[in-house]
Amino acid sequence: MGNEYEVYRTTTLGLALQETLDEFIQSNQISDKWGKRMFQEYDKSISKIFSSKVNNKITFKSKLDTYRNCDNVWTLLFQGIEITIQNSPAIKLESNQNVKIVACEAKSDKKSKNQNFDD
């Protein structure tokens, strides 16, 4: 896999794709290798969509409770956050409510774009 991240696999769409691919693999409609390839394509596609189609600006104020960085993936835990999305009213959460933000580096690797799969 290239520079695409797997964090979107836990979204509703990612979980539905996983369930469908598992059913296809169990019923021998596709191989395990093709299921993995489809998930890699999903990772690339979702990353491309977010980098090219989503351009809203988000600002937030909060107390940073905890942060971690592992392999250029930041995990930030906030307490009582106020989030403002461009052209939308602010969202305020109480201090006893926590928000977790996972942020990944967005630069692209040219090698991964030409990756070939054989079956």
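First, a word on what this report is: a plain description of the structure on this page. Source: prediction; values computed, not measured.

### Section: the packing of aromatic side chains
Taken as a whole, this structure holds three aromatic pairs when the rule is applied. When the ring of phenylalanine 60 is compared with that of phenylalanine 78, the centres are 5.1 Å apart and the planes differ by 70°; the resulting orientation is edge-to-face. With phenylalanine 60 in strand β1 (residues 58–70) and phenylalanine 78 in strand β2 (residues 73–85), this residue pair connects regions lying 18 residues apart in the sequence. Judged by its relative accessible area of 38%, phenylalanine 60 is partly exposed. Among the residues examined, phenylalanine 78 registers a relative accessible area of 7% and is labelled buried. With a centroid separation of 6.2 Å and an interplanar angle of 35°, the aromatic rings of tyrosine 67 and tryptophan 74 are classed as tilted. The exposure class assigned to tryptophan 74 is partly exposed, which follows from its relative accessible area of 37%. The aromatic ring of phenylalanine 39 is capped on one face by arginine 9, whose charged end is 4.2 Å from the ring centroid.

### Focus: helix α1 (residues 12–26)
An α-helix turns once every 3.6 residues. As a result, residues three or four positions apart point the same way. Between its first and last C-alpha, α1 extends 21 Å over 15 residues, near the 21 Å set by a 1.5 Å rise per residue. The positive-phi residue at the C-terminal boundary of α1 is asparagine 28, with phi of around 60°.

Rules behind the numbers
Residues numbered from 1 in each chain as written. Predicted model: local features only at pLDDT ≥ 70, side-chain atom pairs only at ≥ 80, totals over all residues. Heavy atoms only, no water. Phe/Tyr/Trp six-rings, centres within 6.5 Å; stacked < 30°, edge-to-face > 60°. Helix = DSSP H or I, 4+ residues; strand = E, 2+ residues; numbered from the N terminus. Buried < 20%, exposed > 50% of the residue type's maximum accessible area, 1.4 Å probe, protein only. Lys NZ or Arg CZ within 6 Å of the ring centre and 35° of its normal. Expected span 1.5 Å × (residues − 1).

Such coordinate-based values are descriptive only and should not be taken to indicate function.
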